[in-house]
Amino acid sequence: MADSTTLDTTVPANAVARGGLVHFDICLEEAERQQLSARFAFIKLENVTGKLALAHIADGCWELKGKINVAITQACVVSGKPVESTFMIELEERFVDTFSNQTEIDAMEVDVDLLVNGEIPVGECLCQWIGVCAPAWPRAENAPVLDEPEFDNTENHPFARLSELKK
């Protein structure tokens, strides 16, 4: 059976048995969608649904994985008109009780966060993934294209204009 998830859902890390899974059904209520819309300046957030699974995968390491479907309405960055977008988030994040002395960071690795007071912040993790995966520069289909600025190509060095003033 899956637990329902709210934006403030946390799970004590020691409550997740090694090798076991804790399942979560994601279906945000209207008040939670409005809260996230205000947090990320969305016009509207709808249909946040999906499933997550939390597993204790190694000593001091837990993994949260799942797929979430999201429908967002944002303001076009050019015209301000509403832009609707739907997308699926493939959430994968790990939580550890302490960081090792790792000196190299691989950008392609899974995100790793620390436990918060011994708990895994499932709801906050979901919020952050929605904010990060939403289109950064939503643009309406009929938004005007801004012209490229015209550059004076007479001379391409910082003191070109100054030398013209001396003439």
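The structure this text deals with has already been given above.
Residues numbered from 1 in each chain as written. Predicted model: local features only at pLDDT ≥ 70, side-chain atom pairs only at ≥ 80, totals over all residues. Heavy atoms only, no water.

Participant: Sorry, what's going on with the overall build of the chain here?
Facilitator: Scanning the chain from N- to C-terminus turns up three helices and eight strands. Secondary structure of the chain in N-to-C order comes out as β-β-β-α-β-β-β-β-β-α-α. Classification of the 167 residues of the chain by burial places 35% in the buried group. If you take every contact in the chain between residues at least 6 apart in sequence, the share linking residues at least 24 apart comes to 58%. (Helix = DSSP H or I, 4+ residues; strand = E, 2+ residues; numbered from the N terminus. Buried < 20%, exposed > 50% of the residue type's maximum accessible area, 1.4 Å probe, protein only. Contact = heavy atoms within 4.5 Å.)

Participant: How do you make sense of the packing of helix H1 (residues 30-40) against helix H2 (residues 122-133) when you look at a structure like this?
Facilitator: Contact pair H1 / H2: the axes reach a minimum separation of 11 Å and the direction vectors enclose 50°. With respect to H2, the element H1 is oriented oblique. For the pair H1 and H2, the crossing hand works out as right-handed. On H2, the residues that touch Leu 36, Arg 39 and Phe 40 of H1 are Glu 124, Cys 127, Gln 128, Ile 130 and Gly 131. The residue inventory of the contact of H1 with H2, partitioned by class, reads four nonpolar, two polar and two charged. (Axes fitted to C-alpha atoms, helices over the stretch in contact; angles between N-to-C directions. Parallel < 35°, antiparallel > 145°, perpendicular 65-115°, else oblique. Left-handed = near helix turned anticlockwise from the far one by under 90°. Nonpolar A, V, L, I, M, F, W, Y, C, P; charged D, E, K, R; others polar.)

Participant: Looking at this structure, how should I read the nonpolar core?
Facilitator: As a rule of thumb, nonpolar side chains are buried together in soluble globular proteins. Counting 32 residues, the largest nonpolar core has Leu 54, Val 70 and Ile 130 as the members making the most contacts within it. Broken down by secondary-structure element, the contributors of at least two residues to this core are strand S3 (21-27), strand S4 (44-58), strand S5 (61-75), strand S6 (82-96) and H2. Leu 54 has contacts with Val 11, Val 16, Gly 20, Leu 21, Val 22, Phe 24, Trp 62, Glu 63, Leu 64 and Ile 120, leaving out every residue within four places of it along the chain. (Core = buried A, V, L, I, M, F, W, Y, C linked by side-chain atoms within 4.5 Å.)

Participant: Before we go on, may I ask you to explain unusual backbone geometry in this structure?
Facilitator: Comment: phi is negative for the bulk of residues other than glycine, and the bulk of peptide bonds are trans. If you check the backbone angles, Ala 41 has positive phi at about 60° while not being a glycine. Judged by relative accessible area, which is 63%, Ala 41 ranks as exposed. Phi at Asn 47 takes a positive value of approximately 50°, unusual for a residue other than glycine.

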